[in-house]
Amino acid sequence: MPSRRFADGEVVMARWPGSVLYYEVQVTSYDDVSHLYTVKYKDGTELALKESDIRSQSSFKHRKSQSSSSSPSRRSTSRSRSRSPGRPAKGRRRSSSQSREHKDDKKKTIQETSLILTVLVFFKPSENNTKRYNGEPESTEKNDTSCVIVEQKLKPDLETERVLEHYSLRPRKEEKKKEEIYSEKKVFETIKTIEKAPSKTKELEFGGRIGTFMLIFFLPATVFYLLLMCKQDDPSLLNFPPPLPALESLWEGRVFGVFLLWFFLQALFYLLPIGKVVEGLPLSSGRRLQYRINGFYAFILTAAAIGTLLYFQFELHYLYDHFMQFAVSAAVFSMGLSIYLYIRSLKAPEEELAPGGNSGYFVYDFFTGHELNPRIGNFDLKYFCELRPGLIGWVVINLAMLLAEMKIHNQSMPSLSMVLVNSFQLLYVVDALWNEEAILTTMDITHDGFGFMLAFGDLVWVPFVYTLQAFYLVGHPTAISWPAAAAITILNSIGYYIFRSANSQKNNFRRNPADPKLAYLKFIPTATGKGLLVTGWWGFVRHPNYLGDIIMALAWSLPCGFNHILPYFYVIYFICLLVHREARDEHLCKQKYGLAWERYCQRVPYRIFPYIY
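Residues numbered from 1 in each chain as written. Predicted model: local features only at pLDDT ≥ 70, side-chain atom pairs only at ≥ 80, totals over all residues. Heavy atoms only, no water.

1. A word on the nonpolar core
- Ranked by internal contacts, the top residues of the largest apolar core, which has 114 residues, are M401, F464, Y466 and F574.
- The leading source of residues in this core is helix α14 (residues 381-408), at 16 residues.
- Each of domain 2 (208-479) and domain 3 (480-612) contributes no fewer than three residues to this core.
- Excluding anything up to four places from it in sequence, M401 contacts Y320, F323, M418, A470, F471 and V474.
- Within the second largest apolar cluster, 16 residues are counted, among which are L521, I524, C589 and A596. (Core = buried A, V, L, I, M, F, W, Y, C linked by side-chain atoms within 4.5 Å. Buried < 20%, exposed > 50% of the residue type's maximum accessible area, 1.4 Å probe, protein only. Helix = DSSP H or I, 4+ residues; strand = E, 2+ residues; numbered from the N terminus. Domains from an automatic or database assignment. Contact = heavy atoms within 4.5 Å.)

2. So, a nonpolar patch on the surface
- A cluster of nonpolar side chains, I210, F213, M214 and F217, forms an exposed patch at the surface whose accessible area comes to about 480 Å².
- For I210, the position within the fold is in helix α8 (residues 208-230). (Patch = residues over 30% accessible without salt bridge, like charges linked within 9 Å, V, L, I, M, F, W, Y side chains within 5 Å. Areas by Shrake-Rupley, 256 points an atom, 1.4 Å probe, with all protein chains shown as cover. Salt bridge = Lys/Arg side-chain N within 4 Å of Asp/Glu carboxyl O.)

3. Details of the packing of helix α21 (residues 569-593) against helix α22 (residues 595-603)
- Contact pair α21 / α22: the axes reach a minimum separation of 6 Å and the direction vectors enclose 125 degrees. The orientation of α21 with respect to α22, classified from their angle, is oblique. Seen from α21, the contacting residues are E586, C589, K590 and Y593; seen from α22, they are L595, A596, W597, E598 and C601.
- Its residues assigned to classes, the contact of α21 with α22 comprises 6 nonpolar, no polar and 3 charged. (Axes fitted to C-alpha atoms, helices over the stretch in contact; angles between N-to-C directions. Parallel < 35°, antiparallel > 145°, perpendicular 65-115°, else oblique. Nonpolar A, V, L, I, M, F, W, Y, C, P; charged D, E, K, R; others polar.)

4. Focus: unusual backbone geometry
- Even without a glycine there, the phi angle at F206 is positive, about 60 degrees.
- Among the residues examined, F206 registers a relative accessible area of 27% and is labelled partly exposed.
- Backbone geometry at N410 places phi at a positive 50 degrees, although glycine is not the residue there.
- Structurally, N410 is set in the loop between α14 and α15 (416-434).

5. A look at α22
- Turning to α22, its buried residues number three or more, namely A596, W597, Y600 and C601. Along the axis of α22, the buried positions cluster into a sector of 140 degrees, meaning they face one direction only.
- Packing partners of the buried residues in α22 comprise β10 (523-525), β11 (531-533) and α21. (Arc of directions from axis to C-beta.)

6. Focus on the side chain of N294
- Topologically, N294 is positioned in the loop between β7 (290-293) and α10 (295-311).
- Only 3.4 Å separates the side chain of N294 from the backbone oxygen of F269, close enough to count as a polar contact.
- Those residues within four positions of N294 in sequence are excluded, and the remaining contacts are F269, Y270, L272, I274, G275, R388 and E436. (Polar contact = N/O pair within 3.5 Å; in protein donor to acceptor, adjacent residues only side chain to side chain.)

7. Some words on the pairing of strand β2 (residues 22-31)
- With 5 bridges joining them, strand β1 (residues 11-15) and β2 adopt antiparallel strand pairing. Looking across to β2, one finds that V12 is bridged to V25.
- Note: β2 against strand β3 (residues 36-41), 6 bridges, orientation antiparallel. Counted as the bridge partner of D31 is L36 from β3.
- The loop that links β2 with its antiparallel partner β3 comprises 4 residues; one of these, H35, has a positive phi angle of about 60 degrees. (Pairing = 2+ DSSP bridges.)

8. Describing the UniProt feature "transmembrane region" (unreviewed entry) in the protein
- UniProt marks residues 206-228, 255-274, 295-314, 326-343, 454-474, 480-499, 520-541 and 561-580 with the feature "transmembrane region" (unreviewed entry), using the numbering shown here.
- When the span residues 206-228 is considered, its composition is 91% helix and 0% strand, and the gap between its end C-alpha atoms is 26 Å.
- Along residues 561-580, the helical share is 60% and the strand share 0%, with 28 Å between the first and last C-alpha atoms. (UniProt positions renumbered as here; feature names shortened; annotations may be inferred.)

Next up, the structure:
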């Protein structure tokens, strides 16, 4: 293993990729596997560079001292030299000509360096709005070196000239060969090298390998614990552990068959040639994948299918009677899907791997997802699972709980609490499907691979944990007054208004910042060419969509009363989830926007909760 030359914290001079310009940087870390140094520029930009692109400051100072020491002797020699009457003018003309050539060379170097960085901008993803139901700031690939390079704007010309004067590493003879070095062919070869450079995941989330290994077992155990507790007459946390059912009662082939039927029915709706086709953000190769936006149509077709079943007196409360078995079936299917995804990812090209799931550790990559966009033909597995089986299934299960409550308690009408829970969550799902295109700019699509985390989350966690309030109300009916129902409705409306208006405000600004309707918005310009809003909702807190999410989650739990804390698990989980996402967003935005993000944080000090956090 080659020895390391530069230590962490050492200030050195690093060559800017694709140019001959050297800038003062600080070494932050070193990767023993890829033998790359991570360096940080003064404006906050971080790059991973080879050792050959880094020089010690002493080498630059030595060159500078040599240059300054030799110039006086040359000046004294020229002053002592005798000239003929006809020579001075000629000498002066040669001197001025050489000076002009030297300045022209500097300008040409600046222009050619700008060409390289301008062409690199072509590969930069143009991100858009926030996530539709787990809202987050613009997505970024924190481990993609080419993406970080693109995010840095051109250095000012004055600064470039200063660096050329003081830190030039090339002999004068090579100055005349700039046209050959910076030819169009050389530019694109540099870009090609940068784009194809393997990108390993360095910063591991969720506790790294040990944490992700434990989560693979902890997440299913949490789902089954919550469902078993809801079935108890007294779902108090003091009644732990709940009585475990017989293992043979947790599995039924017919239930698994119904689950498969549901999954492939949604897949059929996804493949229907209805709805518009849009392009996603550019991949690391510059290619854009196409997505068909027809989630809302799939919801309408599903509603028609469910209505037909009810018309022919199909008992939908069958879902309630076999709820645990459906959860086990979904968990088994998600595990099988995760194994298939990881095996196929081993043959995927390097540029198709997920920047957040390419650590080289089996357990971590299996959990977070190794391949970014696994597809079977044009069928995008991750995009399909994000919105279809679990999210639409959430609404169907809620309806099944409503019908089960009416049957078990011999009611001609569902309870007011059940109506509120169903209505609030129906609005949330319909909003997600109506704004389906917004998901293409989220972290789940642009950064996270498709592995156990998303497969289990989409197919198990969403339909069986997000329906916890409705499932709880079936066995523990709670009566609420109309004034209380009105107050809870107002609370949910406030949360939804904050959530939707904040997302729409940012989406409209990203799409067309010059829109006259948005003239009242103020923003901080960044090196990426985009602006950070400091007025409107985004000037109130840094993540107003998260604030709306939490308010809505509280409104969904209040109809269940205060007898037990179990219905409020979703609120606690949602706060923890969004705080985790917010911390990740802060880290990524600081890397992406540098000093502009620090200025933004000074202008908007509160993250989610105003005057609190």
